Amino acid sequence: MCGIAGMTGRDEALLSRMLAVMVHRGPDGSGVEINDQVSLGMRRLAIVDIDTGDQPLYSADRRVALVFNGEIYNAPELRRELSARGHAFTTDHSDTEVILRGYEQWGEDVVDHLTGMFAFAVWDGRTGDLFLARDRLGIKPLYWTESGGRVLFASEIKALFQDASVSRSPDPHVLHRFLIYRVHDSGEDTFFDAVKRLLPGHTMLVRADGSRRVRRYWAPPVNLTFRSTRSDADYADEFRHVFDRVVQRHLIADVPIGVPLSGGLDSSGVATTIAHLMRGGADLHTGGVLHTFSALYPGEWLDESEYIHEIERRVHSLPHYAYPDVDEFWSEMSEWMWYQEEPTIATAPYAYYCVYRIAHREVKVMLSGNGGDELLAGYIPYFRAYLTSALDQRHPLAGLAEALRGADLYTGYLSDVVRPRLPLAPRRLEMRPLLLSSNGHAAAAHYEASRNLNRRLADDVTAFSTPNLLRYEDKNSMAFSIEARVPFLDHELVENISSLPIDQKIKGGWNRAVYRRAMRGRIPEKNRRRRKKIGFSNPEYVWMRARSRGFSDVFESSTFAERGLYDVHKVKDAFAAWLRGAPGDGLIFWRILVCELWMRRYVDQAVAVHA
């Protein structure tokens with residue numbers, strides 16, 4: 001696990017600054033390759049092959065060089081295969097070298113052979129090409145820009161801004177799309193008009209003449225059918241075997257491993273599966289102890305202590321707790337924004353930030369439950385796509401039966417959807433009227449949710465939901481030099497879940513149906529049969545009201561008014577109305593606030609090397 005950076009052409013001073021601004025991603029060492037054609041560098045967080053896994057790694061003739069960020073879980077198998085093909089390895093068990101030897105064997109198609117999370121760059125001096133690649137689900141980030149006739153890339157945006165010629169201006173379309181539609185981290189565009197992200201499952205070849213070729217090498221298979229063709233037990237058994245295999249390979253490390261535990265279904269499954277594997281001999285490098293890390297909110301409605309403690313007792317973990325509070329959050333906002341680099345949809349990711357901070361004292365790797373909801377229809381609004389799937393495929397009775405069995409969940413949701421549309425419903429707060437008319441039309445939501453549940457889930461996993469969760473997790477974990485792993489987004493498990501029929505996702509009044517059945521006897525029933533989820537979050541509306549003066553100070557500032565983005569008087573009036581109890585989503589004011597604070601941190605001033 002590392003931070004990588006580089007550019008076409010020679011610039012040792014710039015590369016040094018790019019690596020310095022990402023030292024938190026790799027405090028254990030660094031390495032560079034600089035020649036007249038390319039400058040490559042990395043900061044290392046040593047997880048596997050600590051003694052001999054330094055980078056860059058080179059071909060025998062030193063004409064090919066590689067820097068890599070991530071973890072290759074099938075590295076042992078690939079090493080054996082490549083050795084049998086005649087490749088000589090110089091490291092003990094480095095997964096980085098497996099990529100390099102794989103590139104020598106398969107060229108750009110090496111990505112098809114890798115199981116893991118990765119972003120890497122290969123400089124091929126034989127052709128003069130720079131080859132960039134990102135893992136199938138986009139677990140590891142890779143940003144790029146073009147400036148002064150050269151291509152720059154890095155694991156973090158702030159590294160690109162060490163080149164003062166790279167514009168830090170906001171992208172108005174991305175900004176307005178975020179403000180109005182809550183969409184972000186979707187597509188290659190970032191909040192900065194000059195910076196792009198290499199999309200998940202894509203590679204980029206930068207040729208010696210400066211031309212670029214981007215190629216998508218993976219997309220999940222999607223089963224659009226509604227009905228199962230096998231028994232529920234068969235699907236559950238298959239899922240459990242795949243899940244165990246995936247979690248097992250995510251435990252590969254030479255350093256201590258822990259689990260961020262929210263008490264939700266997905267992190268509970270990860271923790272209990274790790275405990276199951278430990279009983280079979282799996283080594284977490286923690287002296288036989290499973291460390292769990294949780295955020296608690298004593299006395300708050302969202303406190304999940306009872307579910308967290310249930311898992312702790314089941315797996316006999318050594319628990320550690322963070323207690324996020326609004327005062328700490330407000331004082332750390334600027335620093336947190338420096339790590340996040342772009343606005344966040346809510347304050348919830350800060351809870352993970354606090355959890356990773358305490359985890360830093362005990363472990364170097366964490367296995368989280370992120371991604372399970374988007375794969376397995378864990379959110380209540382997915383029920384709408386389930387119903388339309390049933391109707392479109394002529395299974396209306398199944399849809400009706402599900403609506404009745406899950407009435408305690410779905411009626412409340414459907415009521416919330418319908419109620420604001422009634423003729424006498426009170427007018428609710430909306431974002432669009434708060435934007436100046438000259439800018440309000442700049443964004444368009446090029447997204448229409450699919451009527452087919454499995455297509456909807458695949459879209460969210462690859463483009464509309466999971467990418468922002470992965471960005472939050474990467475930034476929060478790397479802020480404290482921790483490698484975050486997400487077994488639910490192992491591509492083998494994703495392909496297994498995506499190939500399931502729709503009625504294995506929602507069935508018998510339960511979402512995540514196949515997963516719940518697979519985890520019977522492993523996750524305590526109190527957790528396995530939870531009807532509602534919270535996960536890592538914050539009491540956001542309480543925090544906003546507690547710091548309403550701080551919001552108002554920003555909204556009343558001359559800097560805010562001079563942006564030319566908002567009708568300032570309407571923003572202030574609408575915020576005052578919300579504080580008095582006006583209906584509507586108060587998080588529209590968080591989005592306004594976070595965009596302003598983000599611009600102050602990243603747009604208005606040069607990006608400093610330290611937070």
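It should be emphasised that the depicted structure is a prediction, and the values quoted were computed from it without experimental measurement.

(A) Geometry of the nonpolar core. Counting 84 residues, the largest nonpolar core has Phe589, Trp590 and Ile592 as the members making the most contacts within it. Counting residues per element, this core draws most heavily on helix α25 (residues 587-603), at 12 residues. When near neighbours in sequence (up to four residues on either side) are disregarded, Trp590 contacts Phe329, Met333, Trp336, Thr344, Ile345, Ala346, Thr347, Met544 and Phe551. Leu100, Met117, Phe120 and Val486 belong to the second largest nonpolar core, which has 78 residues in total.

(B) Structural context of unusual backbone geometry. Residue Pro56 is bonded to the preceding Gln55 through a cis peptide linkage, with omega at -5 degrees. Mapping Pro56 onto the fold places it in the loop between β3 (38-44) and β4 (57-58). Positive phi is not limited to glycine here, since Asp185 has a value of about 60 degrees. Relative to the assigned elements, Asp185 resides in the loop between α5 (172-181) and β10 (196-197). The phi dihedral of Ser481 is positive, around 55 degrees, even though this residue is not glycine. With respect to the helices and strands, the residue Ser481 is situated in the loop between α17 (466-478) and β17 (483-485).

(C) Expanded view of the sheet that holds strand β15 (residues 318-322). Within the open sheet, the 5 strands sit side by side as β15-β14-β13-β16-β17. Their pairing is parallel. Edge positions in the sheet fall to β15 and β17, since each of these pairs with one other strand and no more. On average, adjacent strands in this sheet sit at an angle of 30 degrees to one another, irrespective of strand direction. In this sheet, strand β16 (residues 365-367) lies alongside strand β13 (residues 257-260) in parallel orientation, the contact comprising 2 bridges.

(D) Spatial organisation of the pairing of β15. As judged from the 5 bridges shared by strand β14 (residues 291-295) and β15, these two strands associate in the parallel manner. Counterpart to Ala295 in the pairing with β15 is Ala322. Handedness of the β14-helix α8 (residues 305-315)-β15 crossover: right-handed.

Calculation rules
Going along each chain's sequence as written, the residues are numbered from 1 onward. Side-chain atom pairs in this predicted model are given and counted only at pLDDT of 80 or more, local residue features only at pLDDT of at least 70, and totals for whole chains, interfaces and linings cover all residues. To obtain the side-chain values, all non-hydrogen atoms of the structure were used and water was disregarded. To qualify as a nonpolar core, a set must consist of buried Ala, Val, Leu, Ile, Met, Phe, Trp, Tyr and Cys residues joined through side-chain atoms within 4.5 Å. Throughout, exposure labels follow a simple rule: accessible area from a 1.4 Å probe, protein chains only, divided by the maximum for the residue type, with under 20% read as buried, over 50% as exposed, and the rest as partly exposed. Note on conventions: DSSP H or I runs of at least 4 residues are helices, E runs of at least 2 residues are strands, and numbering of each starts at the N terminus. Whether two residues touch is decided by their heavy atoms; if any such pair falls within 4.5 Å, the residues are in contact. Note: two strands are recorded as paired if DSSP finds a minimum of 2 bridges between them. Inter-axis angles, ranging from 0 to 180 degrees, are taken between N-to-C directions of lines fitted to C-alpha atoms, where helices are fitted over the stretch in contact. Handedness is read with the strands pointing away from the viewer; a crossover is right-handed when the path from the first strand over the helix to the second is clockwise.

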